[in-house]
Amino acid sequence: NAGVTQTPKFRVLKTGQSMTLLCAQDMNHEYMYWYRQDPGMGLRLIHYSVGEGTTAKGEVPDGYNVSRLKKQNFLLGLESAAPSQTSVYFCASSLSGPGRGRDYTFGSGTRLTVV
Amino acid sequence: GNSVTQMEGPVTLSEEAFLTINCTYTATGYPSLFWYVQYPGEGLQLLLKATKADDKGSNKGFEATYRKETTSFHLEKGSVQVSDSAVYFCAPSGGSQGNLIFGKGTKLSVKP
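## Things to note about the nonpolar core
All names here are of chain B.
So, point 1. Of all hydrophobic cores here, the largest spans 26 residues; its most connected members are Trp35, Leu47, Leu48, Leu75 and Tyr88.
So, point 2. Only strand E2 (11–14), strand E3 (19–21), strand E4 (23–26), strand E5 (33–38), strand E6 (44–50), strand E8 (62–65), strand E10 (86–92) and strand E11 (106–111) provide two or more residues apiece to this core.
So, point 3. Discounting chain neighbours no more than four positions away, the residues touching Tyr88 are Gln6, Ile21, Trp35, Tyr36, Val37, Leu47, Phe62, Leu75, Gly105, Thr106 and Leu108.

## Considerations on the pairing of strand E7 (residues 56–59) of chain B
So, point 1. Direction of pairing for E7 of chain B relative to E8 of chain B: antiparallel, over a ladder of four bridges. Of the residues in E8 of chain B, the one forming a bridge with Asn59 of chain B is Phe62 of chain B.

## Some points on the interface of chain A and chain B
So, point 1. Of the residues lining the interface, 23 residues belong to chain A; the matching set on chain B comes to 20 residues.
So, point 2. Between chain A and chain B lies a buried interface of about 1,500 Å² when both sides are counted; carbon and sulfur atoms form 58% of it.
So, point 3. Per-residue buried area on chain A facing chain B is highest for Leu43, Pro98 and Phe106 of chain A; these three make up 27% of the total on that side.
So, point 4. Across the pair Asp103 of chain A and Lys49 of chain B runs a salt bridge, and its minimum N-O distance is 3.8 Å.
So, point 5. Here chain A and chain B share six residue pairs in polar contact (both at pLDDT 80 or more) between them.
So, point 6. Within the residue set of the side of chain A that touches chain B, elements represented by two or more residues are strand E4 (31–38) and strand E5 (42–49) of chain A.
So, point 7. Among the elements that make up the side of chain A that touches chain B, the one with the highest residue count is E5 of chain A (four residues).
So, point 8. Of the residues belonging to the side of chain A that touches chain B, the class tally is ten nonpolar, eight polar and five charged.

## Observations concerning unusual backbone geometry
So, point 1. Residues Thr7 of chain A and Pro8 of chain A are joined by a peptide bond in cis, for which omega reads -10 degrees.
So, point 2. Mapped onto the elements, Pro8 of chain A comes out in the loop between strand E1 (4–7) and strand E2 (10–13).
So, point 3. Although it is not a glycine, Glu16 of chain B sits at a positive phi angle of roughly 80 degrees.
So, point 4. Here Glu16 of chain B shows up in the loop between E2 and E3.
So, point 5. Positive phi is not limited to glycine here, since Lys60 of chain B has a value of about 55 degrees.
So, point 6. Locating Lys60 of chain B in the fold gives a position in the loop between E7 and E8.

## Some thoughts on the layout of surface pockets
So, point 1. As a volume, the largest pocket reaches approximately 580 Å³.
So, point 2. Taken together, 29 residues make up the lining of the largest pocket; nearest its centre are Gln37 and Arg111 of chain A together with Gln38, Gly41 and Glu42 of chain B.
So, point 3. Contributions of two or more residues to the lining of the largest pocket are made by E4, strand E9 (87–94) and strand E11 (110–114) of chain A together with E10 and E11 of chain B.
So, point 4. It is E11 of chain B that provides the largest number of residues to the lining of the largest pocket, a total of four residues.
So, point 5. Grouping the amino acids of the lining of the largest pocket by side-chain chemistry returns eleven nonpolar, twelve polar and six charged.

Reading the values: rules and limits
- Residues numbered from 1 in each chain as written.
- Chains lettered and ligands numbered in written order.
- Predicted model: local features only at pLDDT ≥ 70, side-chain atom pairs only at ≥ 80, totals over all residues.
- Heavy atoms only, no water.
- Core = buried A, V, L, I, M, F, W, Y, C linked by side-chain atoms within 4.5 Å.
- Buried < 20%, exposed > 50% of the residue type's maximum accessible area, 1.4 Å probe, protein only.
- Helix = DSSP H or I, 4+ residues; strand = E, 2+ residues; numbered from the N terminus.
- Contact = heavy atoms within 4.5 Å.
- Pairing = 2+ DSSP bridges.
- Buried area = accessible area lost by both parts, 1.4 Å probe.
- Salt bridge = Lys/Arg side-chain N within 4 Å of Asp/Glu carboxyl O.
- Polar contact = N/O pair within 3.5 Å; in protein donor to acceptor, adjacent residues only side chain to side chain.
- Nonpolar A, V, L, I, M, F, W, Y, C, P; charged D, E, K, R; others polar.
- 1 Å grid on protein atoms, 1.4 Å probe; cavity = no way out; pocket = protein on both sides within 12 Å on 5 of 7 lines; lining within 4 Å.
- Points joined across faces, edges and corners; volume = space filled by probe spheres on them.

Keep in mind these values describe shape, not function.
Rendered as C-alpha coordinates:
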(Lines give C-alpha, C1' and ligand atoms only; values in the text may rest on other atoms or scores of the structure.)
Protein backbone atom coordinates (compact mmCIF):
# COMPACT_ATOMS: atom_id res chain seq x y z
CA ASN A 1 0.00 0.00 0.00
CA ALA A 2 1.85 3.07 -1.27
CA GLY A 3 -0.27 5.73 0.48
CA VAL A 4 0.42 9.16 -1.02
CA THR A 5 3.06 9.43 -3.74
CA GLN A 6 4.44 12.73 -4.98
CA THR A 7 6.46 13.23 -8.14
CA PRO A 8 8.98 14.62 -8.73
CA LYS A 9 10.91 14.73 -5.45
CA PHE A 10 13.22 17.55 -6.54
CA ARG A 11 13.08 20.11 -9.32
CA VAL A 12 14.91 23.27 -10.30
CA LEU A 13 13.05 25.72 -12.53
CA LYS A 14 14.02 28.94 -14.17
CA THR A 15 11.85 31.98 -13.59
CA GLY A 16 8.91 31.93 -15.99
CA GLN A 17 8.96 28.20 -16.65
CA SER A 18 5.94 26.05 -15.97
CA MET A 19 5.61 22.67 -14.33
CA THR A 20 3.10 20.26 -12.83
CA LEU A 21 3.45 18.41 -9.55
CA LEU A 22 1.62 15.12 -9.33
CA CYS A 23 0.05 13.64 -6.25
CA ALA A 24 -1.42 10.14 -6.31
CA GLN A 25 -3.17 8.25 -3.51
CA ASP A 26 -4.37 4.68 -3.43
CA MET A 27 -6.52 4.81 -0.27
CA ASN A 28 -9.77 5.86 -1.96
CA HIS A 29 -9.69 9.15 -0.05
CA GLU A 30 -12.19 11.83 -1.01
CA TYR A 31 -10.26 14.88 0.19
CA MET A 32 -6.90 15.99 -1.13
CA TYR A 33 -4.75 19.00 -0.28
CA TRP A 34 -1.68 20.87 -1.44
CA TYR A 35 0.45 22.68 1.14
CA ARG A 36 3.68 24.58 0.95
CA GLN A 37 6.20 24.58 3.76
CA ASP A 38 8.55 27.50 4.24
CA PRO A 39 10.99 28.17 7.11
CA GLY A 40 9.26 29.88 10.02
CA MET A 41 5.88 29.77 8.26
CA GLY A 42 4.66 26.28 9.00
CA LEU A 43 2.38 24.70 6.42
CA ARG A 44 0.08 26.88 4.36
CA LEU A 45 -2.83 25.53 2.34
CA ILE A 46 -2.64 26.30 -1.38
CA HIS A 47 -5.64 24.47 -2.86
CA TYR A 48 -7.76 21.54 -1.87
CA SER A 49 -10.40 19.19 -3.25
CA VAL A 50 -13.33 17.50 -1.53
CA GLY A 51 -13.97 15.03 -4.34
CA GLU A 52 -13.35 14.10 -7.94
CA GLY A 53 -13.95 17.04 -10.24
CA THR A 54 -13.94 19.64 -7.46
CA THR A 55 -11.26 22.12 -6.41
CA ALA A 56 -11.18 25.12 -4.11
CA LYS A 57 -8.76 27.84 -3.06
CA GLY A 58 -6.87 27.70 0.17
CA GLU A 59 -4.89 30.30 2.05
CA VAL A 60 -2.23 31.07 -0.60
CA PRO A 61 -3.62 30.14 -4.05
CA ASP A 62 -2.10 32.89 -6.20
CA GLY A 63 0.24 31.63 -8.91
CA TYR A 64 -1.03 28.04 -8.70
CA ASN A 65 -3.74 26.02 -10.40
CA VAL A 66 -5.02 22.54 -9.63
CA SER A 67 -7.06 19.79 -11.19
CA ARG A 68 -8.72 16.65 -9.86
CA LEU A 69 -9.93 14.78 -12.93
CA LYS A 70 -9.57 11.40 -11.24
CA LYS A 71 -10.26 10.65 -7.61
CA GLN A 72 -6.81 9.28 -6.98
CA ASN A 73 -4.84 12.16 -8.54
CA PHE A 74 -4.45 15.81 -7.58
CA LEU A 75 -2.24 17.96 -9.81
CA LEU A 76 -0.66 21.26 -8.84
CA GLY A 77 0.45 23.53 -11.67
CA LEU A 78 2.73 26.52 -11.77
CA GLU A 79 2.12 28.43 -15.00
CA SER A 80 4.97 30.93 -14.67
CA ALA A 81 7.31 30.12 -11.82
CA ALA A 82 8.67 32.88 -9.59
CA PRO A 83 11.49 32.75 -7.01
CA SER A 84 8.85 33.30 -4.28
CA GLN A 85 7.53 29.84 -5.14
CA THR A 86 10.74 28.20 -4.00
CA SER A 87 9.48 25.90 -1.27
CA VAL A 88 8.77 22.34 -0.23
CA TYR A 89 5.37 21.20 -1.44
CA PHE A 90 3.36 18.55 0.36
CA CYS A 91 0.30 16.74 -0.80
CA ALA A 92 -2.05 15.15 1.71
CA SER A 93 -5.28 13.18 1.58
CA SER A 94 -8.01 12.23 4.01
CA LEU A 95 -11.07 10.00 3.92
CA SER A 96 -13.27 12.99 4.77
CA GLY A 97 -12.89 16.34 6.50
CA PRO A 98 -10.80 16.42 9.70
CA GLY A 99 -13.59 17.74 11.90
CA ARG A 100 -14.52 14.26 13.11
CA GLY A 101 -11.02 13.05 13.75
CA ARG A 102 -10.12 12.05 10.21
CA ASP A 103 -6.38 12.55 9.94
CA TYR A 104 -4.32 13.42 6.89
CA THR A 105 -1.86 11.12 5.14
CA PHE A 106 1.05 13.07 3.69
CA GLY A 107 3.37 12.46 0.80
CA SER A 108 7.11 12.81 1.19
CA GLY A 109 7.24 16.20 -0.49
CA THR A 110 8.63 17.93 -3.57
CA ARG A 111 11.51 20.35 -3.09
CA LEU A 112 11.21 23.07 -5.73
CA THR A 113 13.79 25.73 -6.38
CA VAL A 114 13.07 28.59 -8.78
CA VAL A 115 16.15 30.49 -9.96
CA GLY B 1 -11.70 30.16 11.12
CA ASN B 2 -9.74 28.69 14.02
CA SER B 3 -6.10 29.44 14.79
CA VAL B 4 -3.24 27.79 16.64
CA THR B 5 -0.26 29.03 18.63
CA GLN B 6 2.58 26.64 19.21
CA MET B 7 5.64 26.93 21.39
CA GLU B 8 8.56 28.21 19.37
CA GLY B 9 11.75 26.27 19.22
CA PRO B 10 14.25 25.03 18.78
CA VAL B 11 14.15 22.88 21.88
CA THR B 12 17.29 21.00 22.88
CA LEU B 13 17.13 18.29 25.52
CA SER B 14 19.36 15.57 26.85
CA GLU B 15 18.29 11.96 26.41
CA GLU B 16 15.77 10.81 29.07
CA ALA B 17 14.66 14.38 29.82
CA PHE B 18 10.99 15.34 30.12
CA LEU B 19 9.42 17.06 27.13
CA THR B 20 6.55 19.54 26.96
CA ILE B 21 5.58 21.38 23.80
CA ASN B 22 2.78 23.86 24.39
CA CYS B 23 -0.09 24.31 21.97
CA THR B 24 -3.14 26.52 22.35
CA TYR B 25 -5.90 27.16 19.85
CA THR B 26 -8.87 29.39 19.25
CA ALA B 27 -11.96 27.65 18.04
CA THR B 28 -15.65 27.83 17.55
CA GLY B 29 -17.32 24.59 18.39
CA TYR B 30 -15.40 21.43 19.13
CA PRO B 31 -12.45 20.91 16.84
CA SER B 32 -10.55 17.68 16.55
CA LEU B 33 -6.94 18.08 17.67
CA PHE B 34 -3.85 16.48 16.17
CA TRP B 35 -0.11 16.31 16.65
CA TYR B 36 2.03 15.50 13.63
CA VAL B 37 5.75 14.74 13.52
CA GLN B 38 8.18 15.40 10.67
CA TYR B 39 11.50 13.57 10.65
CA PRO B 40 14.34 15.09 8.60
CA GLY B 41 13.72 14.86 4.87
CA GLU B 42 10.29 13.29 5.26
CA GLY B 43 6.64 14.25 5.13
CA LEU B 44 4.45 14.70 8.19
CA GLN B 45 3.12 11.68 10.05
CA LEU B 46 0.25 11.53 12.49
CA LEU B 47 1.56 11.17 16.04
CA LEU B 48 -1.66 11.29 18.02
CA LYS B 49 -5.09 12.85 18.10
CA ALA B 50 -8.09 13.59 20.30
CA THR B 51 -11.61 14.33 19.20
CA LYS B 52 -13.48 15.50 22.31
CA ALA B 53 -12.90 17.27 25.60
CA ASP B 54 -10.78 15.38 28.17
CA ASP B 55 -9.74 12.76 25.61
CA LYS B 56 -6.09 11.76 25.85
CA GLY B 57 -4.25 10.83 22.69
CA SER B 58 -1.11 8.71 23.05
CA ASN B 59 1.47 7.03 20.85
CA LYS B 60 5.13 6.05 21.13
CA GLY B 61 5.28 7.38 24.72
CA PHE B 62 3.89 10.78 23.73
CA GLU B 63 0.64 12.04 25.24
CA ALA B 64 -1.64 15.05 24.87
CA THR B 65 -4.96 15.83 26.56
CA TYR B 66 -7.79 17.80 24.98
CA ARG B 67 -8.39 20.66 27.44
CA LYS B 68 -11.40 22.61 26.32
CA GLU B 69 -11.45 24.96 29.32
CA THR B 70 -7.94 26.18 28.50
CA THR B 71 -8.15 25.49 24.73
CA SER B 72 -4.87 23.62 24.92
CA PHE B 73 -3.39 20.38 23.63
CA HIS B 74 0.13 20.24 25.06
CA LEU B 75 2.42 17.43 23.93
CA GLU B 76 4.38 15.55 26.61
CA LYS B 77 6.82 12.69 26.86
CA GLY B 78 8.38 11.47 30.06
CA SER B 79 11.75 10.37 28.67
CA VAL B 80 12.89 11.49 25.23
CA GLN B 81 15.28 9.56 23.02
CA VAL B 82 17.70 10.70 20.34
CA SER B 83 15.33 9.15 17.78
CA ASP B 84 12.62 11.66 18.84
CA SER B 85 14.59 14.47 17.21
CA ALA B 86 12.15 15.94 14.69
CA VAL B 87 9.78 18.84 14.09
CA TYR B 88 6.41 18.62 15.85
CA PHE B 89 3.25 20.31 14.58
CA CYS B 90 0.05 20.97 16.48
CA ALA B 91 -3.03 21.04 14.24
CA PRO B 92 -6.65 21.71 15.18
CA SER B 93 -9.40 21.19 12.64
CA GLY B 94 -11.76 23.98 11.72
CA GLY B 95 -9.85 26.13 9.29
CA SER B 96 -11.89 28.48 7.18
CA GLN B 97 -12.04 25.76 4.50
CA GLY B 98 -12.78 23.02 7.03
CA ASN B 99 -9.16 21.96 6.89
CA LEU B 100 -6.48 21.33 9.49
CA ILE B 101 -4.61 24.43 10.64
CA PHE B 102 -0.93 23.79 11.30
CA GLY B 103 1.20 25.54 13.86
CA LYS B 104 4.62 26.75 12.78
CA GLY B 105 6.29 23.68 14.19
CA THR B 106 8.68 23.09 17.07
CA LYS B 107 12.06 21.59 16.29
CA LEU B 108 13.27 19.17 18.94
CA SER B 109 16.87 18.04 19.17
CA VAL B 110 17.76 15.34 21.67
CA LYS B 111 21.43 14.93 22.57
CA PRO B 112 22.90 11.65 23.84
